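# Observations on chain architecture
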Amino acid sequence: MPDQEKLVIMVTHGPEEPELATIPFVMAGAAVASDVDVVMGFQGDGCRLVQKGVAETVTAPEFAPLAGLLDAVREFGGTLLVCAPCVKSRGIEEELVDGAEICAAARFVAEITSATSTLVY
Amino acid sequence: MATTHIDSELDARGQLCPMPIVKTAKAIKELGAGGVLKLLATDRGAVTDVPAWTETTGNELLEWHEEDGVFVFLIRKAG
């Protein structure tokens, strides 16, 4: 679908900063619900959010719980890309949620240059 | 005023942004073209989110009003 809008959302904050960890998922949830193709990219501590069992521990005040937002993004077909060295340095390569895909910089660049817009958190 | 026929009702009271929209998108997918969804929400963000969502997705916001702190929206699926 060449007319499909695509949003790339880069996530660099982890569970220790629940609000900044949650806001990108709020944007992603609103986007997938609006028929926008969503690619979330997790770098730095952001990659912890797609480690199994971590999303369930993150709820920012006055925000929807992160686990439900992650489920919504996955259910609507959003793509979850995770930085290879970031997961390797944290030893969590084998602990990622189903559907999360480990990738390197060129894939992020390809997604960003083909997107309608990119948000960085 | 003629009464609008409601095909489906979604109770998103207590749900925080963007979950009312996420659940609305799911509920609308299950309706046939022209079907009407009644959405109940308490998140104030829904007042701006629902019109933005209908505009983006091509569905139609027939009307909305507030009733004892609950925002009630009638949305017709594009057809």
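Residues numbered from 1 in each chain as written. Chains lettered and ligands numbered in written order. Predicted model: local features only at pLDDT ≥ 70, side-chain atom pairs only at ≥ 80, totals over all residues.

Turning next to the overall build of chain A. Along the backbone of chain A there are four helices and five strands. Going residue by residue from the N terminus, the α and β elements of chain A occur as β-α-β-α-β-α-β-α-β. At 13 Å, chain A has a C-alpha radius of gyration in line with the 14 Å of a compact globule built from 121 residues. A separation threshold of at least 6 residues defines the contact pool for chain A, and within that pool the share at least 24 residues apart is 75%. (Helix = DSSP H or I, 4+ residues; strand = E, 2+ residues; numbered from the N terminus. Rg over C-alpha atoms; globule rule 2.2 N^0.38 Å. Contact = placed C-beta atoms within 7 Å.)

A few words on the pairing of strand 1 (residues 8-12) of chain B. Each regular strand displays side chains that alternate between the two surfaces of the sheet. All names here are of chain B. Direction of pairing for strand 1 relative to strand 2 (residues 36-41): parallel, over a ladder of five bridges. Across the sheet, the residue bridging to leucine 10 is leucine 39, located in strand 2. In the classification by handedness, the crossover that spans strand 1, the intervening helix 1 (residues 19-29) and the parallel strand 2 is right-handed. (Pairing = 2+ DSSP bridges. Right-handed = clockwise from strand over helix to strand, strands pointing away.)

Residues and elements named next belong to chain B. Judged by pairing direction, the sheet is mixed, and its four strands sit side by side in the order 1-2-4-3 without closing on themselves. A single partner strand is all that each edge strand has here, and the edge strands are strand 1 and strand 3 (60-67). When strand polarity is set aside, the average angle formed by the axes of neighbouring strands in this sheet is 15 degrees. Helix-sheet contacts for helix 1 involve strand 1, strand 2 and strand 4 (70-76), and the interaxial angle to strand 1 is about 160 degrees. Packing against the sheet, helix 2 (residues 46-57) makes contact with strand 2, strand 3 and strand 4, and its axis sits at approximately 170 degrees to strand 3. (Axes fitted to C-alpha atoms, helices over the stretch in contact; angles between N-to-C directions.)

Right, let's talk about the environment of arginine 48 of chain A for a bit. Note on placement: arginine 48 of chain A falls in the loop between strand 2 (37-42) and helix 2 (66-75). For the pair arginine 48 of chain A and valine 97 of chain A, spaced 49 residues apart in the sequence, the C-alpha separation amounts to 10 Å.

Residue and element names in this part refer to chain A. Read from one edge of the open sheet, five strands run 4-3-2-1-5, paired in parallel fashion. The open sheet is flanked by strand 4 (100-103) and strand 5 (117-120), the only strands paired with a single partner. Each neighbouring strand pair of the sheet contributes to a mean axis angle of 25 degrees, computed without reference to strand direction. Across four bridges, strand 2 lies against strand 3 (residues 79-83) in parallel orientation. Within strand 3, the residue paired with phenylalanine 42 across the bridge is valine 82.

All names here are of chain B. Burial along strand 4 is one-sided: the residues Phe71, Phe73 and Ile75 are buried and none of Val70, Val72, Leu74 and Arg76 is. For strand 2 and strand 4, the ladder comprises six bridges, and the chain directions are antiparallel. Within strand 4, the position partnered with leucine 37 by the bridge is isoleucine 75. Bridge analysis of strand 3 against strand 4 gives seven bridges, and the strand direction is antiparallel. (Buried ≥ 20, exposed ≤ 12 C-beta atoms within 10 Å, placed from the backbone.)

With 16 residues, helix 1 (residues 18-33) of chain A should cover 22 Å at 1.5 Å per step; its first-to-last C-alpha distance of 22 Å lies within 8% of that length. Within helix 1 of chain A the residues assigned to the buried category are Ala21, Thr22, Pro24, Phe25, Ala28, Gly29, Ala30, Ala31, Val32 and Ala33 of chain A. Among the structural elements, strand 1 (6-11), strand 2, helix 2 and strand 5 of chain A together with helix 1 and helix 2 of chain B are those in contact with the buried residues of helix 1 of chain A. Of the residues one or two after helix 1 of chain A, aspartate 35 of chain A is the one with positive phi, at around 65 degrees. (Expected span 1.5 Å × (residues − 1).)

Counting from both sides, the interface comprises 10 residues of chain B and, opposite them, 11 residues of chain A. Mapped onto the side of chain B that touches chain A, the elements with two or more residues apiece are helix 1 and helix 2 of chain B. Top element by residues in the side of chain B that touches chain A is helix 1 of chain B. It accounts for four residues. Grouping the amino acids of the side of chain B that touches chain A by side-chain chemistry returns eight nonpolar, two polar and no charged. (Nonpolar A, V, L, I, M, F, W, Y, C, P; charged D, E, K, R; others polar.)

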